[in-house]
Amino acid sequence: MSVIGRRGVHYLQKLKAANIPAELIEKGQNRVIDASLTLIRERAKLKGELVRALGGVKASSTLLGVPLGHNSSFLQGPAFAPPRIREAIWCGSTNSTTEEGKELNDPRILTDVGDVPVQEIRDCGVDDDRLMNVISESVKLVMEQDPLRPLVLGGDHSISFPVVRAVSEKLGGPVDILHLDAHPDIYHAFEGNIYSHASSFARIMEGGYARRLLQVGIRSITKEGREQGKRFGVEQFEMRTFSRDRQLLENLKLGEGVKGVYISIDVDCLDPAFAPGVSHIEPGGLSFRDVLNILHNLQADVVAADVVEFNPQRDTVDGMTAMVAAKLVRELTAKISK
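As for the overall build of the protein chain
For the protein chain, the helix and strand inventory stands at 11 helices and 8 strands. On C-alpha atoms alone, the protein chain measures out to a radius of gyration of 19 Å, which is about the 20 Å that the 2.2 N^0.38 rule sets for 338 residues. Across its three principal axes, the protein chain shows a C-alpha extent of roughly 65 × 50 × 45 Å. Across the 338 residues of the protein chain, 58% fall into the buried class. Once local pairs closer than 6 in sequence are excluded, the contacts in the protein chain between residues at least 24 apart make up 78%. Separation of charge centres in the protein chain, based on 41 positive and 45 negative side chains, amounts to 3 Å.

What follows is the structure, encoded as structure tokens:
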């Protein structure tokens, strides 16, 4: 748990110990949550109006930051990632054109509605059940503004559950998920935490929010991870067989018969030679070009995506991993927007 998170819990405990009525505490928490959602709502409304006024857009990628790190099982650093990724997206060391030729400076291609104020909400003693609901509602507020589609900046991987839940509920049915990661993140409740970053896809599959879940880049998986994969019918592609699976993975066609495709990229899917700034360093991963080949060749209507688990506190070589995360966001933007 982060320092701010602990402070919020301790503050709430002190209020209860002082016999402050629970109704008063909850009322104050509700005001903070309502204010947080109002900010996201109004920013999304403004950006949606702008994109619609410009015209000719079927789908526009929209950044939404979720700086949550307290559900990490090892380090808290991913909470600091969203501003670093944004900074790297617009870094002057590269231009604003994606590899497929889309121009990020065009507001019809990429907009930004800011961050869910996660730590401020938790500092008021709001628990994870309600926080996950706030994240889901924030995603829905973006989706209400057609043609905006959420591209979420994490944060640890626990955020994928409320985001996918929101996307599925808003679209009215399950999605197919392409999940790139060193780990399957499908423990029932890692270390007793149902919202652990290592349990997000168990919550997604239990909720029926995904029809197919393809996990690519896996190279750190336990017996429970494999058993849970079989339980939920997950298609797990491990790195030890990547050379055999490459042809299939670089020619995927997903989403037929469902509401669309969701892409979740944990930065540690990459070999740490390409992205050292992660909490869980696991050698033997995908190359950056492997990931781009999978993304560029994917045939799918991508309705939303996330990039998670970049840890700025472990980054090296003048923000190299920040630039890697930003490039992933840029190429996802090209995949989503149309």
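More follows now that the structure is in view.
Things to note about the side chain of Gln215
By secondary structure assignment, the location of Gln215 is in strand E5 (residues 210-218). By relative accessible area, which is 0% here, Gln215 ends up buried. Only 3.1 Å separates the side chain of Gln215 from the side chain of His179, close enough to count as a polar contact. Polar side-chain contacts of Gln215 include one of 3.1 Å to the side chain of Gln236. When residues no more than four places from it in sequence are discounted, the contact partners of Gln215 are His179, Pro184, Phe201, Val234, Glu235, Gln236 and Phe237.

Focus: the side chain of Lys47
Following the sequence through the fold, Lys47 ends up in helix H2 (residues 22-54). Although Lys47 is buried, it forms no salt bridge, and the closest oppositely charged side chain is Asp112 at an N-O distance of 5.9 Å. Each residue touching Lys47, except ones within four places of it in the same chain, is listed here: Thr111, Asp112, Val113 and Leu148.

Observations regarding the packing of aromatic side chains
Inspection of the entire model under this criterion finds 3 aromatic pairs. The interplanar angle of 45° and the centroid separation of 6.5 Å between the aromatic rings of Phe161 and Tyr209 together place this pair among those described as tilted. Placement of Phe161 in helix H6 (residues 160-171) and of Tyr209 in the loop between helix H7 (200-206) and E5 is noted, with a sequence separation of 48 residues between them. Consider the rings of Tyr187 and Phe190, whose centres lie 4.7 Å apart with planes at 50°: the pair is tilted.

Describing the pattern of salt bridges
This structure, assessed with the given rule, holds 21 salt bridges. The salt bridge partner of Asp112 is Arg86, with a shortest N-O separation of 2.6 Å. Of this pair, Asp112 sits in strand E2 (residues 110-115) while Arg86 sits in helix H3 (residues 81-89); the two residues are 26 residues apart in sequence, bridging distant segments of the chain. Arg86 shares its class with Asp112; the two are buried. A salt bridge links Glu235 to Arg212; its shortest N-O distance comes to 2.8 Å. Taken together, the positions of Glu235 in strand E6 (residues 235-238) and Arg212 in strand E5 put the pair 23 residues apart, joining distant regions of the chain. Arg212 gets classed as partly exposed once you look at its relative accessible area, which sits at 28%. Three or more residues are tied together by salt bridges with common partners; here these are Arg86, Asp112 and Asp115.

Focus: the confidence of the model for the protein chain
Residues at a pLDDT of 70 or more form 95% of the protein chain, whose mean pLDDT is 94. pLDDT under 50 marks residues 1-5. Its contacts with residues more than four places away, or in other chains, come to 13 contacts.

Comments concerning helix H10 (residues 288-297)
Residues of H10 that are buried include every one of Phe288, Asp290, Val291, Leu292, Ile294 and Leu295, and no others. Residues of H10 that are buried make contact with strand E4 (175-180), E5, helix H9 (242-249), strand E7 (261-266) and helix H11 (320-336).

Rules used in this analysis
Residues numbered from 1 in each chain as written. Predicted model: local features only at pLDDT ≥ 70, side-chain atom pairs only at ≥ 80, totals over all residues. Heavy atoms only, no water. Helix = DSSP H or I, 4+ residues; strand = E, 2+ residues; numbered from the N terminus. Rg over C-alpha atoms; globule rule 2.2 N^0.38 Å. Buried < 20%, exposed > 50% of the residue type's maximum accessible area, 1.4 Å probe, protein only. Contact = heavy atoms within 4.5 Å. Lys, Arg positive; Asp, Glu negative; His and termini not counted. Charge placed at Lys NZ, Arg CZ, Asp CG, Glu CD. Polar contact = N/O pair within 3.5 Å; in protein donor to acceptor, adjacent residues only side chain to side chain. Salt bridge = Lys/Arg side-chain N within 4 Å of Asp/Glu carboxyl O. Phe/Tyr/Trp six-rings, centres within 6.5 Å; stacked < 30°, edge-to-face > 60°. pLDDT = per-residue confidence, 0-100.

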